[in-house]
Amino acid sequence: MNLDNITLIYYGYFEKELLEMVVNDIEREFSLPVKTQEGHLDLSVFYDPARRQYDGNRILQKIDSEDASDDCKTLGIFNIDLFIPILTYIFGQAFLNGRCGIASIYRLSNERYGIKKDERLFIDRIRKEIIHELGHTFGLIHCQNPTCVMRSSTYVEDIDQKNHQLCHKCKKDLEIAG
């Protein structure tokens, strides 16, 4: 795999500074430079009024067809409530061994759950979710190690229990894939 970089593209209302706080950890995990850029997408076409959420599958396909390239891994970052038909909501998703993924910060803040704001925890959740979805693009599957960033997360509490690093096994799998 001959990749130039990882590109994080933020869409819609999004504080770019949030990404800048996690770039170094992403670069360290994947040993690639990370670029951030603003993207433009009419999100209204992905909105499902019956669910009052946005279709993650369709957004992922759009990012893959319009913004992804073969020389980098691309992750679209949003601040919208994402779903896929079989789940109530998702934090993100990616094409396994693919060029891209998506993640949303919508459900990552304490305020969403009526809990006191915690900026450090919020940034930590963003970091973990981005690294997790990028891990899938590098071919990593969900890990059984409870502290590995590649462990599946159904709830924010699951994200909180993980580290933002890959476990030893996942690091080895990443090296083999590279």
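The structure reproduced in this document is the subject of the present report. All values reported here derive from a predicted model rather than from experimental measurement. (Residues numbered from 1 in each chain as written. Predicted model: local features only at pLDDT ≥ 70, side-chain atom pairs only at ≥ 80, totals over all residues. Heavy atoms only, no water.)

Attention now goes to the pairing of strand S1 (residues 5–11). By the criterion of burial, S1 is predominantly enclosed, with seven of the seven residues buried. Of the two faces of S1, the one carrying Asn5, Thr7, Ile9 and Tyr11 and the one carrying Ile6, Leu8 and Tyr10 are both buried. Across six bridges, S1 lies against strand S5 (residues 72–78) in parallel orientation. When the sheet's bridge partners are listed, Ile6 is paired in S5 with Lys73. Of the strand pairs in this sheet, S1 and strand S2 (residues 34–39) are connected by six bridges, and their pairing is parallel. What sits directly across from Thr7, in S2, is Lys35. (Buried < 20%, exposed > 50% of the residue type's maximum accessible area, 1.4 Å probe, protein only. Helix = DSSP H or I, 4+ residues; strand = E, 2+ residues; numbered from the N terminus. Pairing = 2+ DSSP bridges.)

The strand order across the open sheet built from four strands is S3-S4-S6-S7, with neighbouring strands paired in mixed fashion. Both edges of this open sheet fall to strand S3 (47–48) and strand S7 (87–90), since each of them pairs with a single strand only. Across two bridges, strand S6 (residues 82–84) lies against S7 in antiparallel orientation. Its bridge partner being in S7, Ile84 is matched across the sheet by Leu87. Contacting strand S4 (53–55), S6 and S7, helix H3 (residues 56–66) crosses the sheet at an angle of about 50° to S4. (Contact = heavy atoms within 4.5 Å. Axes fitted to C-alpha atoms, helices over the stretch in contact; angles between N-to-C directions.)

With that settled, the discussion passes to the nonpolar core. Counting residues in each nonpolar core, the largest one holds 37 residues, and the members touching the most others are Ile6, Leu8, Ile26 and Ile130. For this core, the secondary structure elements donating two or more residues are S1, helix H1 (16–20), helix H2 (23–30), S5, helix H4 (119–137), helix H5 (156–160) and helix H6 (168–177). At six residues, H4 tops the list of elements feeding residues into this core. Aside from chain neighbours lying at most four places away, what touches Leu8 is Leu19, Ile26, Val34, Lys35, Thr36, Gln37, Leu75, Ile130 and Leu134. Of all hydrophobic cores here, the second largest spans 17 residues; its members include Ile9, Ala68, Ile90 and Cys100. (Core = buried A, V, L, I, M, F, W, Y, C linked by side-chain atoms within 4.5 Å.)

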